[in-house]
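Residue-level structural notes
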Amino acid sequence: MMALVLPTHADTSDADVVSRAKEGERAAQAVLYRRHVRMVRGLAYRLLGQRDVEDVVQDAFVTAFERLGSLRDGQAFARWLGSIVVFTARKAIRQQRRSRAHSDALLPSLVSEDAPAEVRAELEAVYSILTELPDDVRIALVLRRVDGLSIKEISAFMGRSVATVKRRISDGDFHLKAAMKRGQS
Amino acid sequence: MIRDRDFDRRRWVEPERDDALDSATWERIDAKLTEGPKRSWAWPAGAGVVLAAAAAMWLVLQSPAEWSEGELVARSEVLRAVMEDGSSVEAAPHSRLIRQANQGADMHLQVAEGEATFDVARNAARDFVVHAGEVEVVVVGTRFSVDRGDVVVVEVSRGAVEIRHEGVSSFVSAGETWREPEENEELAVTEPAAVEPGALQPVEPQVEEPEAAEPEENSQSTRPSATHLFEAAQSARRDARHEEASRKYAEFLRYYPSHNNASLAAFELGRLKMDVLHDPRGAAHAFERAARRGSPFRQDAMARQAQALAASGDDAGCVRARTRYEAAFPSGRHLAGLASACD
């Protein structure tokens, strides 16, 4: 299969490319895809594990390009796209839960063996508890403890108030601490 | 995006780069975009959605948002709307609200996705009902939020609401939180067990002072203020100090029978006496007080009075109370429950 070859337009801002993509220019949409696919795939991977990642990547981009007209600030495309990924991933998580398709055993293996020991222990603890958590808590915990997003960014990504996000993270941290204690004993 | 460097561990949980996969995914995306959208982003109308003739009353104060035919869809920003009675709703990003047709004077909204905060204008002549999944939140004049996440969470910051879920009614007052029980969970706990103390911030109730204070026989008395008494009662109730809460509510009603919060205090007192203190006779008296004309809790208080009288063994009193309820609310929501309360 041929690798994707596209002009990078590296010196063109997202805002400029978005305004062309809004007019339906497929080449501009392809540029946005190429610029942000790693971010999207990485985010979906960290939220979901191996399963359903490509479906989420595809659905998120299709949704973004279909709804691009509602994005007023083209420079905010990456953040807006991130919120669509979270929205789409949440649906996939629910579907996985209903079909009992997830596998607990696979998730901690997502963590790189090259990570420093302390970091690896915490990340493996995060991924060991993800499937036990309510979906919103799971998402908030990953966005905070793995992606390192600020509370305000998480609030925008998840479509929840800051107060709600803080509660979700607090819930997640409680379970995380317990998991780490179990790991140490 | 703003990231916290201490917590940014993305590089340790990253899929391998695969240009061929990128190409294949792009081809699929390209094909889907060429096909065109299969459905509008306004969502297909679900069962129970009724086009509201009053949809034109919605005033959008912030964009972006799409609404059409009784639907309010907030995408990347908060959306605020004011309803014709002065109530307002604030929808968080990625939320969808549906306005259902009015049922008489009652207003009905549905939180189909996301989270919304409602500031409901006080109006004892109508119910304002918010539906979220299997949960109904019935309000008469209050401020509360409904979060339709994995489970529905309702937080009340002013006034009180009735929550109906699977045939069970719960009354939630200012400063309390109600959380939908999850599968296999027997009780709907007001605080999730995993939350560390202090993680939830209680909201102080807003108490309105009456314009004229109650006349005092002894002007030199050190009687506590209405605000102090009411807040003390609420605080004791939240802390499960039931006896103390009961005394404080009774004291509040004795000193300030015409206060704006008197009906609420009477209703709370009735609930405590009935549900916790096992004093159905005392509960019936309190509910009768809460059921006075003009009270926002009139319908529920009248129903509960009948039930309390039955529980105290006063079947005749229960029948009279039920008859009064039926006359006042011929289509009332408690009719079915009261039918079997007493003979």
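Residues numbered from 1 in each chain as written. Chains lettered and ligands numbered in written order. Predicted model: local features only at pLDDT ≥ 70, side-chain atom pairs only at ≥ 80, totals over all residues. Heavy atoms only, no water.

Examining the overall build of chain A
Helix and strand counts for chain A stand at eight helices and zero strands. Shown N-terminal to C-terminal, the secondary structure of chain A runs as helices and strands in the order α-α-α-α-α-α-α-α. Looking at chain A as a whole, 56% of its 185 residues qualify as buried. Of the roughly 8000 Å² of accessible surface on chain A, a fraction of 50% belongs to carbon and sulfur atoms. (Helix = DSSP H or I, 4+ residues; strand = E, 2+ residues; numbered from the N terminus. Buried < 20%, exposed > 50% of the residue type's maximum accessible area, 1.4 Å probe, protein only. Areas by Shrake-Rupley, 256 points an atom, 1.4 Å probe, with all protein chains shown as cover.)

Here we look at the overall build of chain B
Scanning chain B for helices and strands turns up eight helices and 14 strands. Put simply, chain B has 343 residues, and 48% of those count as buried. Taking the contacts inside chain B whose residues are at least 6 apart along the sequence as the reference set, 43% of them involve residues at least 24 apart. (Contact = heavy atoms within 4.5 Å.)

Some remarks on the nonpolar core
If you look at the biggest cluster of nonpolar residues, it comprises 66 residues, and the most contacted ones within it are Phe 61, Phe 65, Phe 77, Tyr 127 and Leu 143 of chain A together with Val 13 of chain B. Counting residues per element, this core draws most heavily on helix α2 (residues 26–48) of chain A, which supplies twelve residues. The residues touching Phe 61 of chain A, leaving out its near neighbours within four places in the chain, are Leu 32, Tyr 33, His 36, Val 37, Val 40 and Leu 81 of chain A together with Ile 29 of chain B. Within the second largest apolar cluster, 38 residues are counted, among which are Leu 272, Ala 301, Phe 329 and Leu 338 of chain B. (Core = buried A, V, L, I, M, F, W, Y, C linked by side-chain atoms within 4.5 Å.)

Some remarks on the packing of helix α6 (residues 298–311) of chain B against helix α7 (residues 315–328) of chain B
Two numbers describe a pair of packed helices, the interaxial angle and the distance between the axes. Residue and element names in this part refer to chain B. Two numbers describe how α6 lies on α7: the axes approach to 7 Å, and their chain directions differ by 160°. One finds that α6 runs roughly antiparallel with respect to α7. Like other packed secondary-structure pairs, α6 and α7 cross with a definite hand, here left-handed. In contact with Arg 298, Gln 299, Met 302, Ala 303, Gln 305, Ala 306, Leu 309 and Ala 310 of α6, α7 contributes Asp 315, Gly 317, Cys 318, Ala 321, Arg 322, Arg 324, Tyr 325 and Ala 328. (Axes fitted to C-alpha atoms, helices over the stretch in contact; angles between N-to-C directions. Parallel < 35°, antiparallel > 145°, perpendicular 65-115°, else oblique. Left-handed = near helix turned anticlockwise from the far one by under 90°.)

Some thoughts on the interface of chain B and chain A
The interface of chain B with chain A comprises 54 residues on the first partner and 68 residues on the second. For the pair chain B and chain A, the summed buried surface comes to about 5600 Å²; carbon and sulfur atoms form 57% of the total. For the chain B face of the interface with chain A, the top three residues by lost area are Trp 12, Val 13 and Trp 26 of chain B, together amounting to 13%. Salt-bridge contacts for Arg 26 of chain A lead to Asp 30 of chain B; the nearest nitrogen and oxygen are separated by 2.2 Å. Per-element accounting of the side of chain B that touches chain A gives the leading share, 14 residues, to helix α1 (residues 19–35) of chain B. Its residues placed into classes, the side of chain B that touches chain A shows 22 nonpolar, nine polar and 23 charged. (Buried area = accessible area lost by both parts, 1.4 Å probe. Salt bridge = Lys/Arg side-chain N within 4 Å of Asp/Glu carboxyl O. Nonpolar A, V, L, I, M, F, W, Y, C, P; charged D, E, K, R; others polar.)

Section: the pattern of salt bridges
Applying the stated criterion across every chain yields a total of 23 salt bridges over all chains. A salt bridge links Asp 8 of chain B to Arg 10 of chain B, with the shortest nitrogen-to-oxygen separation between them at 2.8 Å. Arg 10 of chain B sits in the partly exposed class, given a relative accessible area of 26%. Through salt bridges that share partners, Arg 90, Asp 136 and Arg 168 of chain A together with Asp 147 of chain B make up one connected network.

Observations regarding the packing of aromatic side chains
All names here are of chain B. Taken as a whole, this structure holds twelve aromatic pairs over all chains when the rule is applied. The interplanar angle of 65° and the centroid separation of 6.3 Å between the aromatic rings of Phe 118 and Phe 128 together place this pair among those described as edge-to-face. With Phe 118 in strand β7 (residues 106–119) and Phe 128 in strand β8 (residues 128–132), the pair connects residues that are ten residues apart, well separated along the chain. Note on accessibility: Phe 118 and Phe 128 belong to one class, buried. (Phe/Tyr/Trp six-rings, centres within 6.5 Å; stacked < 30°, edge-to-face > 60°.)

Digging into the environment of Ala 179 of chain A
All names here are of chain A. Mapping Ala 179 onto the fold places it in helix α8 (residues 162–184). What makes Ala 179 buried here is its relative accessible area of 9%. Along the backbone, Ala 179 and Glu 124 are 55 residues apart, and their C-alpha atoms lie at a distance of 9.5 Å. Among all residues touching Ala 179, those that are not within four sequence positions of it are Ala 125, Ser 128 and Ile 129.

Focus on the environment of Asn 260 of chain B
Relative to the elements of secondary structure, Asn 260 of chain B occurs in the loop between α3 (242–255) and α4 (262–276). Residues Asn 260 of chain B and Ser 295 of chain B lie 35 residues apart in sequence; the distance between their C-alpha atoms is 9.4 Å.

Section: unusual backbone geometry
Of note in the backbone geometry, Asp 52 of chain A takes a positive phi value of approximately 70° without being a glycine. Since its relative accessible area comes to 28%, Asp 52 of chain A is described here as partly exposed. With a phi angle near 55°, His 278 of chain B is a residue other than glycine that sits in the positive phi range. Turning to its location among the elements, His 278 of chain B is positioned in the loop between α4 and α5 (280–290).

A few points about the state of the cysteines
Residues and elements named next belong to chain B. Across all of its chains, the model carries one disulfide over all chains by this definition. Disulfide partner of Cys 318: Cys 342, at an S-S distance of 2.0 Å. In this structure the cystine formed by Cys 318 and Cys 342 twists about its S-S bond by roughly -80°; its chirality is therefore left-handed. With a gap of 24 residues between them, Cys 318 in helix α7 and Cys 342 in the segment after α8 (335–339) connect regions that are remote in the sequence. Taken as a pair, Cys 318 and Cys 342 share a single burial class, namely buried. (Disulfide = S-S within 2.5 Å.)

Describing helix α7 (residues 151–158) of chain A
The periodicity of an α-helix, 3.6 residues per turn, causes residues three or four positions apart to be oriented the same way. Of all the residues in α7 of chain A, the buried ones are Glu 153, Ile 154, Ser 155, Phe 157 and Met 158 of chain A. Gly 159 of chain A sits one or two positions beyond α7 of chain A and adopts a positive phi of about 70°.

Description of α4 of chain B
All names here are of chain B. Taking 1.5 Å of rise per residue, the 15 residues of α4 would be expected to cover 21 Å, and the 20 Å separating its terminal C-alpha atoms lies within 8% of that figure. Most of α4 sits inside the fold, with twelve of its 15 residues counted as buried. Among the residues of α4, Ala 262, Ser 263, Leu 264, Ala 265, Ala 266, Phe 267, Glu 268, Leu 269, Gly 270, Arg 271, Leu 272 and Lys 273 are the ones counted as buried. Backbone geometry just after α4 places His 278 at a positive phi near 55°. (Expected span 1.5 Å × (residues − 1).)

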